[in-house]
Amino acid sequence: MQHNKRHLALIGMMGTGKTTVGRAVSELLDMTWRDTDQELVAKWGCSVAEFFARYGEERFREEETAMLRTCLEEQRLLLTTGGGIILREQNRQLLTQWAYVVHLDADPDEIIERLRRSEEERPLLRGDLSARVHAIYKARRDFYRFADLRVDTTGRAVSDIAEEIVRAWREHV
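A quick note: this is a predicted structure, and the numbers were derived from the prediction, not measured. (Residues numbered from 1 in each chain as written. Predicted model: local features only at pLDDT ≥ 70, side-chain atom pairs only at ≥ 80, totals over all residues. Heavy atoms only, no water.)

(A) Quick peek at the overall build of the chain. A count of helices and strands for the chain gives 7 helices and 5 strands. Listed N to C, the secondary structure of the chain is β-α-β-α-α-β-α-β-α-α-β-α in terms of helices and strands. Over its C-alpha atoms the chain spans a radius of gyration of 15 Å, differing by no more than 12% from the 16 Å that the globule rule assigns to 173 residues. Dimensions along the principal axes, computed over C-alpha positions, put the chain at roughly 45 × 35 × 25 Å. Put simply, the chain has 173 residues, and 50% of those count as buried. Relative to all contacts within the chain whose residues are 6 or more apart in sequence, the contacts with residues 24 or more apart total 76%. Surface exposure of the chain reaches about 8,700 Å², of which carbon and sulfur atoms provide 43%. Mean positive and mean negative side-chain charge positions of the chain (27 and 30 charges, respectively) differ by 3 Å. (Helix = DSSP H or I, 4+ residues; strand = E, 2+ residues; numbered from the N terminus. Rg over C-alpha atoms; globule rule 2.2 N^0.38 Å. Buried < 20%, exposed > 50% of the residue type's maximum accessible area, 1.4 Å probe, protein only. Contact = heavy atoms within 4.5 Å. Areas by Shrake-Rupley, 256 points an atom, 1.4 Å probe, with all protein chains shown as cover. Lys, Arg positive; Asp, Glu negative; His and termini not counted. Charge placed at Lys NZ, Arg CZ, Asp CG, Glu CD.)

Written as structure tokens, this is what we have:
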């Protein structure tokens, strides 16, 4: 395995399929899977939306960084992250150092459709969903460029996406 990249991390905007694809990849690789948002919810006993409302985005980002560090201390795992984890340079550096990073991307219009079907409350999407998704997509797209691999999930089956990631991971290790 090259360098210290012992983990496989899926990053990307909300609605690109990180959790769904992560579940499929973890089964194919029989690899322990952690999701930073799910880990935080378990720690806090409340949803990300509730935490945001109580403490704000800056405190959330601090907690997210701490959880990322905790997860990366494990021996080897598949890690899925919240969409905004890449906003902090520190997080991008940690991921670059310790993980083979896969950026899941999708067309913004497909992201919007996926989010409309989701029942999950997302604090950053209050208001006009289409306008918010397009704005966030544009603002964040360059932050994802550090990834080792970009996978477009637009119109693709989860199994195909998972198999592509597994092939790339096996070449990496």
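(B) A look at the sheet that holds strand β2 (residues 33-35). On the basis of which strands lie adjacent, the open sheet formed by 5 strands has the order β2-β3-β1-β4-β5 and parallel pairing. Two strands bound the open sheet, and with one partner strand each, they are β2 and β5 (149-152). On average, each strand axis in the sheet is tilted by 20 degrees relative to the strand beside it, whichever way the strands run. In the sheet, strand β4 (residues 99-105) pairs with β5 via 4 bridges, with the strands oriented parallel. (Pairing = 2+ DSSP bridges. Axes fitted to C-alpha atoms, helices over the stretch in contact; angles between N-to-C directions.)

(C) Seen up close, the UniProt feature "binding site: substrate" (unreviewed entry) in the chain. Taken from the UniProt record, the annotation "binding site: substrate" (unreviewed entry) applies to D37, R61, G83 and R140. Structurally, the position occupied by D37 is in helix α2 (residues 36-44). For R140, the position within the fold is in helix α6 (residues 129-140). (UniProt positions renumbered as here; feature names shortened; annotations may be inferred.)

(D) Spatial organisation of the packing of helix α1 (residues 18-29) against helix α7 (residues 158-172). Packing of α1 against α7 brings their axes to within 9 Å, and their N-to-C directions diverge by 55 degrees. Accordingly, the angle class assigned to the pair α1 and α7 is oblique. As α1 packs across α7, the resulting crossing turns out to be right-handed. For the pair α1 and α7, contact is made by T20, V21, A24, V25, L28 and L29 and by V158, I161, A162, E163, I165, V166, W169 and R170, respectively. Residue composition of the contact of α1 with α7, by class: 11 nonpolar, 1 polar and 2 charged. (Parallel < 35°, antiparallel > 145°, perpendicular 65-115°, else oblique. Left-handed = near helix turned anticlockwise from the far one by under 90°. Nonpolar A, V, L, I, M, F, W, Y, C, P; charged D, E, K, R; others polar.)

(E) Geometry of the pattern of salt bridges. Applying the stated criterion across every chain yields a total of 14 salt bridges. Across the pair E57 and R61 runs a salt bridge, and its minimum N-O distance is 3.1 Å. With E57 and R61 both in helix α3 (residues 48-72), this residue pair falls 4 residues apart, about one helical turn. Judged by its relative accessible area of 7%, R61 falls in the buried class. For E63, the salt bridge is made with R59, and the minimal N-O distance between the two is 3.6 Å. Taken together, the positions of E63 and R59, both in helix α3 and 4 residues apart, correspond to about one turn of that helix. Given a relative accessible area of 14%, E63 falls into the buried group. Each of K43, R59 and E63 takes part in one network of salt bridges that share partners. (Salt bridge = Lys/Arg side-chain N within 4 Å of Asp/Glu carboxyl O.)

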